[in-house]
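# Residue-level structure breakdown
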Amino acid sequence: MDKQNEVLLNTFVISKKKYRVVYNAGVLVWEAENSKKGKISVPVSDIISVTLSATASGRSAAKNAPHAITTTYGTTSSTHAPMNEDMDFDRVPVLPTSASISTTATINTTTTTTNISNRADSYDLLHTDATSVEDIICGNNQSNGNYLIIHYARLVAPRVCKWRVQQLVLYKNEHRIVKLWYQRLSEDIREQNRPKNLLLFLNPYGGKQKAFALFEKYAKPLFKLAQVDINLIITQRAQQIYDIMTSQTINLNNYDGVVCCGGDGTFAELFNGLVYRTMIDLGMDINQPPYLPKPSIPIGIIPAGSTDTVAYCLNGTTDIKTSILHIILGQTHGLDISSVYRNSDDSGGGGIQNGDDSKGSDNTLAGSTKVTQAKRRPQLLKLYASVLSYGFLGDVTLESENYRWMGPKRYDYSGAKKFFRNRGYSGDITIHVENEVIDDERVERNNPHDGVRCLENCQRCLDASAKSGNPIDCDTQKVTVSGKFLMVNGANISCACSRSPQGFNPYCHLGDGYLDLILVRHTSFFNNIRLLLAMSSKTKKISDLPFVEIYRTKKFSFKGRVVGAYQGHGHDNGAIDDELDQTGTTSASSASTNDIANSTVTAGRTATGSLKEDNKLLSKWNCDGEILMDTNIIVECNCQLINVFRRGVSCSDTSSKENDPGVLNCCGVCK
Ligand SMILES: Nc1ncnc2c1ncn2[C@@H]1O[C@H](COP(=O)(O)OP(=O)(O)OP(=O)(O)O)[C@@H](O)[C@H]1O
C-alpha cells in the first residue's frame, strides 16, 4: 500500500493506561480508552526523535560513554571536559539515542576542514536503514525493547509563544509491533527537511556574557537529542564572524545552516558576512553591487544578547529553547533585509537593484543630473535586519558603548541621559511611497496601520515571496519630509522585544519587502514621556501619538542638516529649535528639497564651518545596534533576501479583532 495512506493503529500502554494510538498521513494521535479526555495529536514535523528502548526511562549503559568536545576559539583549538549529562531539559530525561553514537552527538568543533569527513561519516550512519541504526542505538538487548520513546516539540505557553520538548512513552508487549512503529516513524522523521550539520558561531561577549553557559545548558542537549552535528566557533573579537564568513576557507556547502548564539549585533555580522560572501562567490563588486544576491543557505539565531529583537520578532519570544527547537525542526521562511548606501552627491543615489530606480534615478535630493548619475551605483555600507535609527537611539548606542561593562543596563543609563537632554535632529527625508488607483482616486498601496500582524503563514509575506521574482509595476511617488526629529527609524521588522512588546509598529511584516519608516518629531519633554510609555506598553502603539508618522516604503533617503551652527545657537532646546519644529514640512512631490531655510546647511557641505564641528551637531545611525559613521544615506528593503529558521508566530489571542479569519493574518509578534 502507498505509505501515505498506510494507517498504523494499535493499542499501547501509556502511564499504565490503555491508549488507542493512530499514525496516519503524518499525524500521530493518541486517545485513552474508556476516558472522556480528548485526543492529543502531533504532526511528524514536530517529532524530534523516536527511540526503541528496553526501559521506560530509555536509560542504558551508553549514557556513561565519554563525550569529548573540541571547540574552536577563533584559530586555536582546546578540548573541554566531557559534557554534563544532567542538564536542564524540562525534566525530560536525556536518552541514550545520540549518546551512544558518539560521532553524531559529539559537538564537533575542530577546524572546519578537518571536521568534514567526520560529519559525513556520522551523517551516513544516521541514514543507514532503520534496523542497523536501531542496533547501534539500542544495543542487542535494547533492540528487543518494547518501549517506544517519542520526543516532540509542543507550544506549551501560547500567549508567550514558548515551545518545549515533551516525551511520550508507548509500551506494548509485542516487540514486532513496537519495532514496526519505530521504523515507520524514524523513516518519516528522516524525510523531514531538517538541518543535520550546522556551523554555529557563539559570541561569549554579548548580553550578560553568558552565551557559552546557555549553549552548554540548553543547546547542546537539544542538538544531541535531535542528532544534529555542530561545528562550534567561539568568537574572539568583534567582526570575526563576518571575516570567517567572507573568507573562502570555510566551505558552506558542508552545512545545512549557519547559526549564531548571541544578540542582534552577532546576527548582523552573520547575515552581512553571508550576503557579502555570496557576492564574492558570484564575482560581484561588493562596494557597488548591481543587486543583492540571495544566499542559498538558511541562518538562525539562538538569543543570548541584550535586547534580542530579531529573535523576539522571529519567534514571538526570546526564550532560548524555543529558538533552538525551531532551528532543529528546520522550517525556514524568508526575512527582508534592508541595505544602506552612501548618499553622496556624486553617488547618484540611485540605480540600485531591480531596475526600480530606472524611473527614480533622481532620488538624491537634487535631481538635476539625472542622466549621468543613473549609471553610478551608490556605495553599499551595511545590511540590517531590525532597525536603522538616527537621532536619540543613534546617540544612545554611541554613548552606551562606553558602558558595556554594565551589561544590558548600559542602555538604560545612556538612554536616561539622552532622554533628559531632549535634543532634536534636523534632516530631509525622501520617501518612495507606492500608490494605486482605486475608483479614479490615487491611494497609498500599503497602509502601515492596517491592523494586520505578521503571524504564522502570513498571507502578505507569502504573496511577496511569490511576486519577488516578478516585481509589480506601480506608481511610486516621492514624499519629502523635512524638519526636526527626535528619531528617524527605518524598521525592517516590528522591533518588538520584551521591553517594548509592540515595538515601533506591530503591523510591520518580516517578509513583505517593505520597511516602516517611523518619524518621531522633536517636541516637548512631556511628549517624550508619552512616547516612552507607549513604547513600553503592551496595548498602546506609538503611531497613536500625534507627533509620530509612519510610512511603509521600499526605499527612502536621508540627509542630515546642521541647523544654525554658526549663529551662536545651542542645539539642545534652543530657541531656534522651537522655531524649526514649527517649520517642519511634508510635501508630496518629486521636487528638490534643496530650498531649505538659509540658516541650515546639509551635512558635510557647510560653507564656513569645519566638518568636525558639523559632525558634533549631527547624530549617528544605529544600524542593528552598531554605529554607522555616514549621516547621509539611502535605504532599500530587499524582499526575503535571506532564509531564516523560524516557524512563524501562532496567535493565541483569539479574542482579538485582528485575528478574525476574514482578516489577513501573518507572522510577527504575539500580544
Ligand atoms: N569575542 C568578542 N569580543 C568582543 N566583541 C565581540 C566578540 N564576539 C563578538 N563581538 C561583538 O560584540 C558585539 C555585541 O554583541 P551582541 O550584539 O551579540 O550583544 P548585545 O549588544 O549585548 O545584544 P543586542 O544586540 O541583542 O542588544 C557585536 O557587535 C560583535 O561584533
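Rules used throughout
Residues numbered from 1 in each chain as written. Predicted model: local features only at pLDDT ≥ 70, side-chain atom pairs only at ≥ 80, totals over all residues. Helix = DSSP H or I, 4+ residues; strand = E, 2+ residues; numbered from the N terminus. Contact = placed C-beta atoms within 7 Å. Core = buried A, V, L, I, M, F, W, Y, C linked by C-beta atoms within 7 Å. Buried ≥ 20, exposed ≤ 12 C-beta atoms within 10 Å, placed from the backbone. Near = placed C-beta within 6 Å. Domains from an automatic or database assignment. Nonpolar A, V, L, I, M, F, W, Y, C, P; charged D, E, K, R; others polar. Arc of directions from axis to C-beta. Axes fitted to C-alpha atoms, helices over the stretch in contact; angles between N-to-C directions. Left-handed = near helix turned anticlockwise from the far one by under 90°. UniProt positions renumbered as here; feature names shortened; annotations may be inferred. Pairing = 2+ DSSP bridges. pLDDT = per-residue confidence, 0-100. Expected span 1.5 Å × (residues − 1).

## Focus on the overall build of the protein
Scanning the protein from N- to C-terminus turns up 17 helices and 27 strands. In the protein, once contacts between residues fewer than 6 apart in sequence are set aside, the share between residues at least 24 apart is 78%.

## Examining the nonpolar core
Core analysis: the biggest nonpolar cluster contains 140 residues, and Leu148, Leu270 and Phe271 have the highest contact counts within it. For Leu148, the contacting residues outside a window of four places in its chain are Val50, Leu52, Leu170, Val178, Trp181 and Tyr182.

## Describing the site of the ligand
In the vicinity of the ligand there are 22 residues, among which Gly206, Gly263, Gly265, Gly305 and Ser306 approach most closely. Of the residues forming the shell around the ligand, the biggest block, four residues, is contributed by helix α8 (residues 264-281).

## Let's talk about the domain arrangement of the protein
Looking at the assigned domains, one finds that the protein contains domain 1 (1-57 + 138-192), domain 2 (194-330) and domain 3 (335-345 + 377-467 + 474-563 + 617-645). Each of domain 2 and domain 3 has a C-alpha centre, and the two are 24 Å apart. Sort the elements by how many residues they give to the side of domain 2 that touches domain 3 and α8 lands first, with eight residues. Looking at the side of domain 2 that touches domain 3 residue by residue, the class counts come to 16 nonpolar, 13 polar and four charged.

## So, helix α14 (residues 459-467)
Of the positions making up α14, those classed as buried are Arg460, Cys461 and Ala464. Buried residues of α14, viewed axially, fall in a sector of 95 degrees; they line one side. On the buried face of α14, the contacting elements are β27 (633-645).

## Concerning the packing of helix α6 (residues 211-225) against helix α10 (residues 320-329)
In a packed pair of helices, the relevant descriptors are the angle between the two axes and the axis-to-axis distance. Across the interface, α6 lies against α10 with an axial gap of 10 Å and an inter-helix angle of 35 degrees. For the pair α6 and α10, the sense of crossing is right-handed. In this structure, α6 contributes Leu214, Tyr218, Ala219 and Leu222 to the contact, and α10 contributes Ile320, Lys321, Ile324, Leu325 and Ile328. Along the lines of polarity and charge, the residues of the contact of α6 with α10 split into eight nonpolar, no polar and one charged.

## With respect to the UniProt feature "domain: DAGKc" (unreviewed entry) in the protein
Summarizing the sequence annotation, UniProt attributes the feature "domain: DAGKc" (unreviewed entry) to residues 193-344 in the numbering used throughout. Along residues 193-344 one finds 38% helix and 22% strand; the C-alpha atoms at either end are 45 Å apart.

## Thoughts on the pairing of strand β19 (residues 475-491)
Extensive coverage of β19 is indicated by the burial of 13 of its 17 residues. Sheet topology places strand β16 (residues 387-391) next to β19; five bridges connect them, and they run antiparallel. Its bridge partner being in β19, Val387 is matched across the sheet by Ala491. With six bridges joining them, β19 and strand β20 (residues 515-521) adopt antiparallel strand pairing. For Met487, the partnering residue across the bridge sits in β20 and is Val520.

## With respect to the confidence of the model for the protein
Across the protein, the average pLDDT comes to 76, with 68% of residues at or above 70. Across residues 347-374, confidence stays below pLDDT 50; counting only partners more than four residues off in sequence or on other chains, it has 62 contacts. Long-range and interchain partners of residues 565-584, a stretch whose pLDDT sits below 50, account for 37 contacts in this model, where long-range means more than four residues apart. Reported for the predicted complex are a pTM of 0.80 and an ipTM of 0.97.

## Re α8
Since the α-helix turns once every 3.6 residues, residues separated by three or four places project in the same direction. Taking 1.5 Å per residue as the helical rise, α8 with its 18 residues ought to reach 26 Å, and the 25 Å between its terminal C-alpha atoms agrees with that figure. With 16 of its 18 residues buried, α8 lies for the most part within the structure.

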